[in-house]
Amino acid sequence: MTEKLSAETSLRGYAGVLTTQKLPYGLVPAELCPVIHCVKSLNHLADRDVVALNPNGYVRTLFRVASEHNVLFATDRCNSFCLMCSQPPRDVDDSDRLSEHLRLIELIDPRTREMGITGGEPTLLKDGLIHIVRKCKEFLPQTAIHILSNGRLFYYGSYAHNLAEVGHTDLMVGIPLYADTDHEHDYIVQSRGAFDETMVGFQNLGRHGVAVEVRVVTHRLTVHRLENLAEFIYRNLPFAAHVAFMGLETVGFAVPNIETLWVDPWDYRHELEQATRYLADRGMHVSIYNHQLCTLPVSIWTYSRMSISDWKNEYLPICSACTARERCGGFFSSSIRARHSEHIGPFEVLPA
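For clarity, every value in this text was computed on a predicted model and none was experimentally measured. (Residues numbered from 1 in each chain as written. Predicted model: local features only at pLDDT ≥ 70, side-chain atom pairs only at ≥ 80, totals over all residues. Heavy atoms only, no water.)

Q: Can you walk me through the overall build of the chain in this structure?
A: Within the chain, the regular secondary structure consists of nine helices and 13 strands. Taking 352 residues into account, the globule formula puts the C-alpha radius of gyration at 20 Å, and the chain, at 22 Å, falls close to it. Each principal axis of the C-alpha atoms in the chain carries an extent, and together these give about 70 × 55 × 35 Å. Residues counted as buried form 50% of the 352 residues belonging to the chain. Considering only intrachain contacts with a sequence separation of at least 6, the fraction spanning at least 24 residues in the chain is 67%. Carbon together with sulfur atoms contributes 50% to the accessible area of the chain, which is approximately 17,900 Å² in total. The averaged location of the 41 negative side-chain charges in the chain is 3 Å from the averaged location of its 33 positive side-chain charges. (Helix = DSSP H or I, 4+ residues; strand = E, 2+ residues; numbered from the N terminus. Rg over C-alpha atoms; globule rule 2.2 N^0.38 Å. Buried < 20%, exposed > 50% of the residue type's maximum accessible area, 1.4 Å probe, protein only. Contact = heavy atoms within 4.5 Å. Areas by Shrake-Rupley, 256 points an atom, 1.4 Å probe, with all protein chains shown as cover. Lys, Arg positive; Asp, Glu negative; His and termini not counted. Charge placed at Lys NZ, Arg CZ, Asp CG, Glu CD.)

This is the structure:
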């Protein structure tokens, strides 16, 4: 609350109170609504933002109306164990979150352009994920929904069918594919058989008309076969609506595995150029995420997107003098702290 709270303030209709004020004990009866006071600052919040108040005083921001990068964090659980997972899974029973997710959807501004559903692995909610997508269709009919999944449970054709049956008109499932060979993909996700399940999942979603995106994280274990993987995607997943080559985020499991995973983007720029051009020349929609323009050949700048979420997107001081800065996706905050390319440098003149 921004207004000053007093004994005369009517709290009728409030689900909770979050304030910077120090409130005297009993001013707001606990049975009326939950109260968290003495918050240092509320400057990061705006009208129509959504937060969750925990009885222990912990406040979670669930939706920011000013952000283009809102996500519904479906679950902590995952059935893969990827070497570079940015959100390491936890083996917990968080099935009771579903009611919170459904309530959140009711509170989100219906003018929201897009929203992600991520985790953990959202399909582990099973029918719960179907309920979430159905709720999004009902309350957020103008909002594009992007589910980030490893695709393995779509191996079951009935599950892909049930998702398609919701009939959401702007739904896409983004699924990582790390190699054109089963043993390399399975090693990266640390799960034998995952490649076969994921590929069948792709096909089942495509068969039922659900738009799919192929996501390829670029690191030392994937870049040596980028061109092979591009050809594999074109020949086996021609129905994919989008292919994204994504730079490594050095958080989560990527931190202890950094020596295994790290490769300077400058060192695979030609492989990335060839893979990107291969797919684009054949009419596939391709993007490059999480790369700095000074590490990319100019010929593929047009495929580079400003993809890093606003709350973890930074630039180096040297970037302030770059004429391409406004077009550049910059860095993950974690990359600035941990490791980034040794070939970062400003363009004095924008390349033609």
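Q: In this structure, what is going on with the pattern of salt bridges? I would like to understand it.
A: Inspection of every chain in the model, using the stated rule, returns 19 salt bridges. Among the salt bridges present, the one from Arg103 reaches Glu106, with a minimum N-O distance of 2.9 Å. Here Arg103 pairs with Glu106, and both are found in helix α1 (residues 97–107), just three residues apart, close to one helical turn. Under the relative-accessibility criterion, Arg103 is labelled partly exposed at 45%. Residue classification places Glu106 among the partly exposed residues on the basis of a relative accessible area of 32%. Among the ionic pairs, Arg225 bridges to Glu184, the shortest N-O distance being 3.8 Å. With Arg225 in the loop between β9 (211–218) and α6 (226–236) and Glu184 in helix α4 (residues 182–189), this pair connects stretches of sequence that are 41 residues apart. (Salt bridge = Lys/Arg side-chain N within 4 Å of Asp/Glu carboxyl O.)

Q: Teacher, can you tell me more about the packing of aromatic side chains here?
A: What characterises a pair of aromatic rings is the spacing of the ring centres plus the angle enclosed by the ring planes. Considering all chains together, one arrives at six aromatic pairs under this definition. For the ring pair Phe195 and Phe232, a centre distance of 6.0 Å and an interplane angle of 45° mean the geometry is tilted. Of the two residues, Phe195 is situated in helix α5 (residues 194–207) and Phe232 in helix α6; the sequence distance between them amounts to 37 residues. Residue Phe195 shares its accessibility class with Phe232, and that shared class is buried. Positioned above the aromatic ring of Trp266 is the side chain of Arg269, whose terminal nitrogen or guanidinium carbon lies 3.8 Å from the ring centre. Geometry around Tyr278 places Arg282 over its ring, the cationic atom sitting 3.7 Å from the centre. (Phe/Tyr/Trp six-rings, centres within 6.5 Å; stacked < 30°, edge-to-face > 60°. Lys NZ or Arg CZ within 6 Å of the ring centre and 35° of its normal.)

Q: I would appreciate a short explanation of the sheet that holds strand β11 (residues 286–289) in the present structure.
A: A sheet is described by the order of its strands in space; here seven strands give the open sequence β5-β6-β7-β8-β9-β10-β11, paired in parallel fashion. For this open sheet the edge positions go to β5 (71–73) and β11, each flanked by a neighbour on one side alone. In this sheet, neighbouring strand axes are inclined to one another by 25° on average, regardless of whether the strands run parallel or antiparallel. As defined by bridge partners, strand β10 (residues 242–247) adjoins β11 across four bridges and the pair is classed as parallel. Along β11, the bridge assignment pairs Val243 with Val286. (Pairing = 2+ DSSP bridges. Axes fitted to C-alpha atoms, helices over the stretch in contact; angles between N-to-C directions.)

Q: Where do I start with the nonpolar core in this structure?
A: When a protein is soluble and globular, its nonpolar side chains tend to lie buried together. Formed by 73 residues in total, the largest nonpolar core has its most connected members in Leu163, Leu177 and Ile233. Counting residues in hydrophobic clusters, the runner-up holds 15 residues, among them Leu83, Met84, Val217 and Leu261. (Core = buried A, V, L, I, M, F, W, Y, C linked by side-chain atoms within 4.5 Å.)

Q: How should helix α2 (residues 127–139) be read in this particular structure?
A: Residues three or four positions apart in an α-helix share a direction because the helix packs 3.6 residues into each turn. Over its 13 residues, α2 extends 18 Å from the first C-alpha to the last, a length consistent with the 18 Å expected when each residue adds 1.5 Å. For α2, every residue scored as buried is listed here: Gly128, Leu129, Ile130, Ile132, Val133, Lys135 and Cys136. Looking at the packing, one finds that the buried side of α2 touches β5, α1, β6 (114–118), β7 (144–148), α3 (157–165) and β8 (171–176). (Expected span 1.5 Å × (residues − 1).)

Q: Would you explain the packing of α4 against α5 in this entry?
A: Helix packing for two helices is described by the angle between their axes and how far apart those axes are. Packing of α4 against α5 brings their axes to within 8 Å, and their N-to-C directions diverge by 100°. Comparing their axes, α5 and α4 come out roughly perpendicular. From α4, Asp182, His185, Asp186 and Val189 reach across to α5, where they touch Ala194, Phe195 and Thr198. (Parallel < 35°, antiparallel > 145°, perpendicular 65-115°, else oblique.)

Q: Looking at this model, I keep getting lost on the side chain of Glu184. Mind explaining?
A: Glu184 gets classed as buried once you look at its relative accessible area, which sits at 17%. The contact partners of Glu184, leaving out residues within four places of it in the chain, are Ala179, His224 and Arg225.

Q: Before we go on, may I ask you to explain the pairing of β8 in this structure?
A: Burial of β8 is extensive: five of the six residues sit out of reach of the surface. The pairing of β7 with β8 spans four bridges and is classified as parallel. Opposite Ile145, over in β8, you have Leu171 as the bridge partner. Taken together, β7, α3 and β8 constitute a β-α-β crossover, and its handedness is right-handed. (Right-handed = clockwise from strand over helix to strand, strands pointing away.)

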